[in-house]
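One-letter residues, chain by chain:
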Amino acid sequence: MNKKPVKAEVAQVRKSLLQRLTQAEAAWMLGVTTSWLRDHAELDGRNVDDSYNAAKLVASVRQKFQPAELSDSDLEPSLQLVDEISMCLSFPRTAAELLARISERHGPAGLAAVGERLLVALQEATSFTTGFEDPDEPTAEELREECERRIRDLDQWQARRQGRVALVCRSCRSYRWGRKWLAIESLPADFAMDAVHCPACCAEQEKQERKRKR
Ligand SMILES: [Zn+2]
């Protein structure tokens with residue numbers, strides 16, 4: 001008897017077996033339970049007689065549980081989102097360890113679960129009418145105010161850099177000038193201001209407190 005036809009026959013039998021796995025065999029092959037397989041009815045590879053085509057099933061599982069190939073136009077804003085999130089983390093090392101652990105345990109599907117939670121959290125946060133909303137387009141008036149504020153900030157910065165800073169009392173608005181405390185009106189406009197309490201106001205406050213205690 002010729003050996004070659006037998007070998008080819010065996011290969012043919014194997015192939016046809018792999019095209020018609022039972023549910024238990026298919027689950028065993030994927031390393032999952034049969035109920036997991038039943039829960040994922042959306043996977044390809046199920047034949048009309050409820051047997052499974054191994055090649056189609058594996059290809060479908062692979063596609064489902066691989067990170068999607070994002071287009072550049074989706075990837076760029078996604079990268080920026082990730083940059084923004086990772087910059088405001090209080091404990092980036094802890095977050096990195098958590099994601100690595102999830103990735104190790106569940107693969108890309110685990111990371112997708114985190115992504116889904118992020119989506120839900122952002123949708124919930126933006127569903128309220130107050131807070132967490134994207135800023136509206138500023139009006140011309142708001143833009144002008146913003147520019148003026150920035151110019152004031154720049155002026156303040158210049159003043160501080162050049163040593164023009166005055167300590168101004170929160171209560172009586174006088175400012176310290178050497179040994180004296182002067183009325184705010186005489187302070188040059190190009191001085192930056194730091195808020196303090198002047199000795200007179202401090203003394204007055206202490207007096208009031210002593211009175212209250214008596
Ligand atoms: Zn004062």
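Because the structure is predicted, anything quoted here is derived from the model rather than measured.

## So, unusual backbone geometry
Here comes step 1: The backbone of Asp50 shows a phi angle near 70°, a positive value even though the residue is not glycine.
Here comes step 2: Along the chain, Asp50 turns up in the loop between helix 3 (34-39) and helix 4 (54-64).
Here comes step 3: The phi angle at Arg173 is positive, at roughly 65°, despite the residue not being glycine.
Here comes step 4: Among the secondary structure elements, Arg173 is positioned in the loop between strand 1 (165-169) and strand 2 (175-177).

## Some details on the coordination of the zinc ion
Here comes step 1: Those donors, Cys169 (SG), Cys172 (SG), Cys198 (SG) and Cys201 (SG), are the protein atoms that reach the zinc ion, and they lie 2.1 to 2.3 Å from it.
Here comes step 2: Given four donor atoms and angles of 103 to 114° at the metal, the environment of the zinc ion is assigned as tetrahedral.
Here comes step 3: Donor residues binding the zinc ion come from one chain and are separated in sequence as C-x2-C-x25-C-x2-C.
Here comes step 4: Residue classification places Cys169 among the buried positions, given a relative accessible area of 0%.
Here comes step 5: Assessed through its relative accessible area of 39%, Cys172 is described here as partly exposed.

## Brief notes about the pattern of salt bridges
Here comes step 1: Scanning the entire structure with this criterion turns up nine salt bridges.
Here comes step 2: Notably, a salt bridge pairs Glu146 with Arg149, separated by 3.0 Å at the nearest N-O pair. Linking Glu146 with Arg149, this pair stays in helix 8 (residues 140-161), spanning three residues, or about one helical turn.
Here comes step 3: The residue Arg160 makes a salt bridge to Asp194 at a minimum N-O spacing of 2.8 Å. One end of the pair, Arg160, is in helix 8; the other, Asp194, is in strand 4 (residues 192-196), and 34 residues separate them in sequence.
Here comes step 4: The exposure class assigned to Asp194 is partly exposed, which follows from its relative accessible area of 29%.

## Thoughts on the side chain of Ser60
Here comes step 1: If you trace the backbone, Ser60 turns up in helix 4.
Here comes step 2: Ignoring any residue separated from it by four or fewer positions in sequence, one finds Ser60 in contact with Leu43 and Asp44.

Reading the values: the criteria
Residues numbered from 1 in each chain as written. Predicted model: local features only at pLDDT ≥ 70, side-chain atom pairs only at ≥ 80, totals over all residues. Heavy atoms only, no water. Helix = DSSP H or I, 4+ residues; strand = E, 2+ residues; numbered from the N terminus. Donors = N, O, S within 2.8 Å, 3.2 Å for Na, K, Ca; no water. Tetrahedral: all angles 85-135°; square planar, octahedral: opposite > 155°, others 65-115°. Buried < 20%, exposed > 50% of the residue type's maximum accessible area, 1.4 Å probe, protein only. Salt bridge = Lys/Arg side-chain N within 4 Å of Asp/Glu carboxyl O. Contact = heavy atoms within 4.5 Å.

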